[in-house]
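Remarks on the overall topology
Each chain is listed here by its residues.
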Amino acid sequence: MKIVLVLIAIFLSAPALAEEGVITIAVVSQERDPVEPVSPLDRPIRDQGIAGARLGLSDNATTGRFTGQSFTLVERGVGKDGHPEDVIRELARQGIRLVVSDLDASLLLKAASVPEAREMLLINARAPDDALRNESCRANVLHTIPSRAMLADALAQYLMSKRWRRWFLVTGGTSGDRLQADAFRRAAARFGAEIVVEKEWTFKPGHARTDTGHVALQTEIPALTQVADHDVLVVADEANEFGEFLSGRTARPRPVVGTHGLVATGWSPVAEQWGATQLQSRLEKSAGRRMSAVDYAAWAAVRAIGEAAVRSRSIDPAGIASFLRGPDFILSGFKGQGQSFRAWDGQMRQPILIAGPRLLVSVSPQTGYLHRGSELDTLGTDREESGCKL
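For clarity, every value in this text was computed on a predicted model and none was experimentally measured.

Here is what the cut-offs are and how they apply
- Numbering of residues begins from 1 in every chain and follows the order in which that chain's sequence is written.
- Side-chain atom pairs in this predicted model are given and counted only at pLDDT of 80 or more, local residue features only at pLDDT of at least 70, and totals for whole chains, interfaces and linings cover all residues.
- The basis for every side-chain value is the complete set of non-hydrogen atoms in the structure, without hydrogens or water.
- Each helix is a run of DSSP H or I of at least 4 residues and each strand a run of E of at least 2, with the numbering of both proceeding from the N terminus.
- With C-alpha atoms as the basis for the radius of gyration, the globule rule is written as 2.2 Å multiplied by the number of residues raised to the power 0.38.
- Note on exposure labels: buried denotes an accessible area under 20% of the residue type's maximum, exposed denotes more than 50%, and partly exposed covers the range between, all computed with a 1.4 Å probe on protein chains only.
- Throughout, a contact is declared for two residues whenever any of their heavy atoms are within 4.5 Å.
- The positive count covers Lys and Arg only, the negative count covers Asp and Glu only, and His and the chain ends enter neither.
- Where a charge lies is defined by one atom per residue type: Lys uses NZ, Arg uses CZ, Asp uses CG and Glu uses CD.
- Here a salt bridge means any side-chain nitrogen of Lys or Arg lying within 4 Å of a carboxyl oxygen belonging to Asp or Glu.
- Here, any two strands with at least 2 DSSP bridges between them count as paired.
- Every axis in this analysis is a line fitted to C-alpha atoms, fitted for helices over the stretch in contact. Angles between the N-to-C directions lie between 0 and 180 degrees.
- To estimate how far a helix should extend, the number of its residues minus one is multiplied by 1.5 Å.
- For Phe, Tyr and Trp, rings pair up if their centres lie within 6.5 Å, where Trp contributes its six-membered ring, and each pair is then called stacked (planes under 30 degrees apart), edge-to-face (over 60) or tilted (otherwise).

1. Topic: the overall build of the chain
In terms of helices and strands, the chain carries ten helices and 15 strands. The C-alpha radius of gyration of the chain comes to 21 Å, within 12% of the 21 Å expected for a compact globule of 390 residues. Evaluated residue by residue, the chain yields a buried proportion of 54% over its 390 residues. Relative to all contacts within the chain whose residues are 6 or more apart in sequence, the contacts with residues 24 or more apart total 68%. Distance between charge centres in the chain, computed from 46 positive and 46 negative side chains, equals 3 Å.

Right, here's the structure in full:
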């Protein structure tokens, strides 16, 4: 009832649209290899990201009824060896200017760099790469997925609030793992933690859930983690190759944090505060599962477009994009604080959840971390640190 009253108030306080119009949003996804589940409780997710975007469209339709606006979603795919440039050119020919990107960083940069994309707005809902917010930033790209620096800073704030200052960092072998490890090192230096030892994970356990895989892990992990004393084991394993195997097998009884164990994330299936239960249940009803961080980022991207359209009373993509970047834009994102885009790098400032496997543990920024503007800007690259030169 309260939501309906708020929407009616928005409708009565704003000037009427000149005419009804349709706002088209494209979602561009790439084909990815299926990820083998680590646990028998896991199920492969085939619609990650797009499920969140579809839910965002449904929410936009609800608000659009009060303003004479309607929204449509166009879904496009890029093959493993495909060219996002071709998809962008096709969308441009169709007159579509608002795009949600479910692409990895390299493909997103290709998509954003074609001449036809200059008049478009691309909202990144997948790639956490800090370079996209710094030296590789683009004027036509915003980000709803948190950067690796934001996630690392959020976790570091929580660990320092617990006085867990000595970290043992274990890094996987992929490029994403190494970039996340760099973010953890930056966060440690920024907030006063000490990385007492670092190691790289090189063991390949094979079928760890069957045969003798678990026996090999019981030998290898204690040997790997027999190191100088530390408060926490920090894992950088974005590829999900080994992080789940660490808890309960380490040489010392220490918490596992990072990409596994206690994690910092833009969204978690365990979130239920601030109305999150309602958002979770609606995606579960439409997709048959709980919402992931990528789903949330795609939902936030589509909802941000819808919110900007309603608030600006515009169906013009350029007007919507301008409002998104302006000081009056705020998205209610079910995380306790309004979310907006940073002027210097296009990143959506947002609370970061500190989540365990079954329950929410905390939310960053932590109490006591202050900022002259928004406390949310204590997470990630601040204005003075930004390498984004537009």
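2. With respect to the pattern of salt bridges
Counting across every chain of the model gives 29 salt bridges. Between Glu307 and Arg303 there is a salt bridge whose closest N-O contact spans 3.1 Å. On the criterion of helical spacing, the pair formed by Glu307 and Arg303 is a turn pair, its members being four residues apart in helix α9 (residues 293-312). Among the residues examined, Glu307 registers a relative accessible area of 13% and is labelled buried. Of the residues examined, Arg303 reaches a relative accessible area of 10% and is grouped as buried. For Arg372, the salt bridge goes to Glu384, with nearest N and O atoms at 2.3 Å. Pair noted here: Arg372 is in the segment after β15 (360-364) and Glu384 is in the segment after β15, with a separation of twelve residues, a long-range link. Each member of the pair Arg372 and Glu384 is classed as exposed. Among the ionic contacts, a cluster of salt bridges with common partners joins Arg166, Asp229, Asp231, Arg252 and Arg254.

3. Some remarks on the side chain of Ser340
Within the secondary structure layout, Ser340 lies in strand β12 (residues 338-341). Those residues in contact with Ser340, other than ones at most four positions away along the chain, are Phe329, Ile330, Gln347, Met348 and Arg349.

4. Regarding the sheet that holds strand β2 (residues 69-78)
With parallel pairing, five strands are arranged side by side in an open sheet as β2-β1-β3-β4-β5. Only two strands of the sheet have a single partner each, and these edge strands are β2 and β5 (141-143). For this sheet, the mean angle separating the axes of adjacent strands, direction not counted, is 25°. In this sheet, strand β4 (residues 121-124) lies alongside strand β3 (residues 98-102) in parallel orientation, the contact comprising four bridges. Opposite Val99, over in β4, you have Leu122 as the bridge partner. Contacting β1 (21-30), β2, β3 and β4, helix α3 (residues 84-93) runs over the sheet at an angle of about 150° to β2. Running over the sheet, α9 touches β1, β2, β3 and β4 and is turned about 170° from β3.

5. Considerations on the sheet that holds β12
With antiparallel pairing, three strands are arranged side by side in an open sheet as β11-β12-β13. Either end of the sheet is taken by a strand with one partner, and the two such strands are β11 (331-332) and β13 (348-349). As paired strands, β12 and β13 are joined by two bridges and run antiparallel to one another. Residue pairing in the sheet places Ser340 in a bridge with Arg349 of β13.

6. Topic: helix α2 (residues 50-64)
Counted at 1.5 Å a residue, the expected span for α2 with its 15 residues is 21 Å, and the 20 Å between its end C-alpha atoms agrees. The element α2 is extensively covered by neighbouring structure, given that eleven of its 15 residues are classed as buried. What α2 keeps buried is the set Ile50, Ala51, Gly52, Ala53, Leu55, Gly56, Leu57, Asp59, Asn60, Thr63 and Gly64.

7. Some thoughts on the packing of aromatic side chains
Summed over all chains, the structure comprises eight aromatic pairs. Summarising the aromatic geometry, the rings of Tyr296 and Trp299 are spaced 5.5 Å apart at their centres and angled 35° between planes, so their arrangement reads as tilted. On the criterion of helical spacing, the pair formed by Tyr296 and Trp299 is a turn pair, its members being three residues apart in helix α9. Accessibility expressed as a relative area gives 1% for Tyr296, which makes it buried. For Trp299, a relative accessible area of 1% gives the class buried. Taking the centre distance of 5.7 Å and the plane angle of 55° together, the rings of Trp299 and Phe334 count as tilted. Of this pair, Trp299 sits in helix α9 while Phe334 sits in the loop between β11 and β12, placing them 35 residues apart in sequence. Note on accessibility: Trp299 and Phe334 belong to one class, buried. Taken together, the aromatic side chains of Trp267, Tyr296, Trp299 and Phe334 make up a single cluster linked through ring pairs.

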